[in-house]
Amino acid sequence: MAKLVSPPPKFTQDEWTVSNLTKYHTAEAERSRSERLIAESQRLMNETEQTTRRTQRDVNKKLEQRIDDVDFWKSELDRKLEEITNETDMMLEYKTRLEKGIEACEEPLRIAQTCLANRQNRASIDLVHDDVERQLLKEVETIQGVMELLMRTHEQAVEQIRLNRSAKFHLEKDLRDKLSALNIDDFCSTLTNNTPDIGYAGSAVKIQANSVTPQDWRSFSDDNIAKADKQKNLSIQLRSLIDGVLVQTADDMQKQVDSTNLAFRKRVDETKLAKSKLEDHLGKVMDEVTSQEKNNASLRKAINDKEAPMQVAQTRLGNREQRPNVELCRDPVQYRLVGEVGEISENVQRLQELLYASDSELKGLRRNQLILEEDIEVKANSLHIDEVQCMQLREGINIKSF
């Protein structure tokens, strides 16, 4: 029991002194290290605070610059979008003008084709391939050519509108992205250390693999603007072309319509003149028919009038044959009576020859009268077709430059 409760060992005075000195030095070293750590901590805290604030100021500045850049490109895109939108609207108006131009060709074409069909109803010698027909065929060809040109130009306008809308689509998409990015960066620029609801987003601390370089970013919008500019310029050129095409085609059609109308007027005048001359000749022929009929009747009467003298002469000759014996003398009376019969016979023969000629001439005159009357009817029919059916119909032709 005595060993178990033995007193603690005792140290010497030197050991005690050394122990105290050691503790003094250890405490001093720990205190010094602590002071140095505190100083280093304070320095580091000050340094990191300054670095953090400087970095945050730099980030804020870069955010402002980025916002300015995005805002600049947004303004450029907005301006270009307005330009391409206005240009597309104008191109749509030009497309409508082309459609009206094509539609306006249909009625003149129908009228020209109707005139050609009507003129096929001309009869006999008047069914001629005249200048009117040539001009009408040329008019149909001109109008059809104009319609084909306008339709091709219309197809170009439709394609240009599609290209304009494609450029507009890319501008609008770029603008939506710019606006979204601008809203995000604007929001980021308002964040401070005291902003509520800020937190950690460790997964966002990286450079995204699908991100682009600033140069690529600028080039993307620049390309969209360049494409829109190109389509706008092409659209302006096409509108200028459409203006020229509409004016030129309207001018070509109007000139051809005027040429056809002039040909119609000349043909109508020619036909009227021919009809008038035919009517004059018909009048003369009819007068001549009347005269020849009177002459024919006179000849017949003259022949009939010779019957009685012939009968008288022959009766006398017959009676004188009954003279007896030597009284049957060839006296002057006998010779004159025989001569009278021969003379009357010769005169009758001559009158009959003239009557035959008169009959033939009368038939010829009546035949010619029928020919003239038929030709006058043909001319009247032609005049009705050209002057009434065609020229009045052509008054409805109205060439416009849309």
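Values in this document were obtained by computation on a predicted structure and should not be read as measured data. (Residues numbered from 1 in each chain as written. Predicted model: local features only at pLDDT ≥ 70, side-chain atom pairs only at ≥ 80, totals over all residues. Heavy atoms only, no water.)

### Points about empty space enclosed by the protein
Part 1 of the argument: One pass over the full model with this rule turns up two cavities of 30 Å³ or more.
Part 2 of the argument: Approximately 90 Å³ is the volume attributed to the largest cavity.
Part 3 of the argument: Taken together, 14 residues form the lining of the largest cavity, with Gly101, Cys105, Met253, Lys400 and Phe402 sitting closest to its centre.
Part 4 of the argument: Going through the elements one at a time, α1 (13–119), α2 (131–190) and α3 (214–305) are the ones with two or more residues in the lining of the largest cavity.
Part 5 of the argument: Sorting elements by how many residues they give to the lining of the largest cavity places α3 first, with four residues.
Part 6 of the argument: Classifying every residue of the lining of the largest cavity gives nine nonpolar, four polar and one charged.
Part 7 of the argument: There is about 30 Å³ of room inside the second largest cavity.
Part 8 of the argument: What lines the second largest cavity is Arg119, Arg122, Asp126, Asp130, Arg267, Thr271, Ser382 and Asp386.
Part 9 of the argument: In terms of residue class, the lining of the second largest cavity is built from no nonpolar, two polar and six charged. (1 Å grid on protein atoms, 1.4 Å probe; cavity = no way out; pocket = protein on both sides within 12 Å on 5 of 7 lines; lining within 4 Å. Points joined across faces, edges and corners; volume = space filled by probe spheres on them. Helix = DSSP H or I, 4+ residues; strand = E, 2+ residues; numbered from the N terminus. Nonpolar A, V, L, I, M, F, W, Y, C, P; charged D, E, K, R; others polar.)

### Side note on the nonpolar core
Part 1 of the argument: With 32 residues, the main nonpolar core has Met91, Cys105, Leu136, Leu150 and Ile242 as its most contacted residues.
Part 2 of the argument: Counting only elements with at least two residues in this core, the list comes to α1, α2, α3 and α5 (332–394).
Part 3 of the argument: Non-local contacts of Met91, meaning those with residues more than four positions away in its chain, are made with Ala157, Gln160, Ile161, Ser235, Leu238, Arg239 and Ile242. (Core = buried A, V, L, I, M, F, W, Y, C linked by side-chain atoms within 4.5 Å. Buried < 20%, exposed > 50% of the residue type's maximum accessible area, 1.4 Å probe, protein only. Contact = heavy atoms within 4.5 Å.)

### Points about the packing of aromatic side chains
Part 1 of the argument: Going through the model one piece at a time under the given rule, you end up with one aromatic pair.
Part 2 of the argument: Taking the centre distance of 5.5 Å and the plane angle of 75° together, the rings of Phe72 and Trp73 count as edge-to-face.
Part 3 of the argument: Taking relative accessible area as the criterion, Trp73 reaches 12% and is therefore assigned buried.
Part 4 of the argument: Above the ring of Tyr94, the side-chain terminus of Arg97 is found at 4.6 Å from the ring centroid. (Phe/Tyr/Trp six-rings, centres within 6.5 Å; stacked < 30°, edge-to-face > 60°. Lys NZ or Arg CZ within 6 Å of the ring centre and 35° of its normal.)

### Describing the packing of α1 against α2
Part 1 of the argument: Look at α1 against α2: their axes get within 6 Å of each other, and the N-to-C directions meet at 165°. Classified by the angle between their axes, α1 and α2 sit roughly antiparallel to one another. As for the relative orientation of α1 and α2, their crossing is left-handed in sense.
Part 2 of the argument: Taken together, the residues of the contact of α1 with α2 sort by class into 34 nonpolar, 10 polar and 19 charged. (Axes fitted to C-alpha atoms, helices over the stretch in contact; angles between N-to-C directions. Parallel < 35°, antiparallel > 145°, perpendicular 65-115°, else oblique. Left-handed = near helix turned anticlockwise from the far one by under 90°.)

### Considering the environment of Asp258
Part 1 of the argument: With respect to the element layout, Asp258 can be found in helix α3.
Part 2 of the argument: Residue classification places Asp258 among the partly exposed residues on the basis of a relative accessible area of 39%.
Part 3 of the argument: C-alpha separation for the pair Asp258 and Leu92, spaced 166 residues apart in sequence, amounts to 32 Å.

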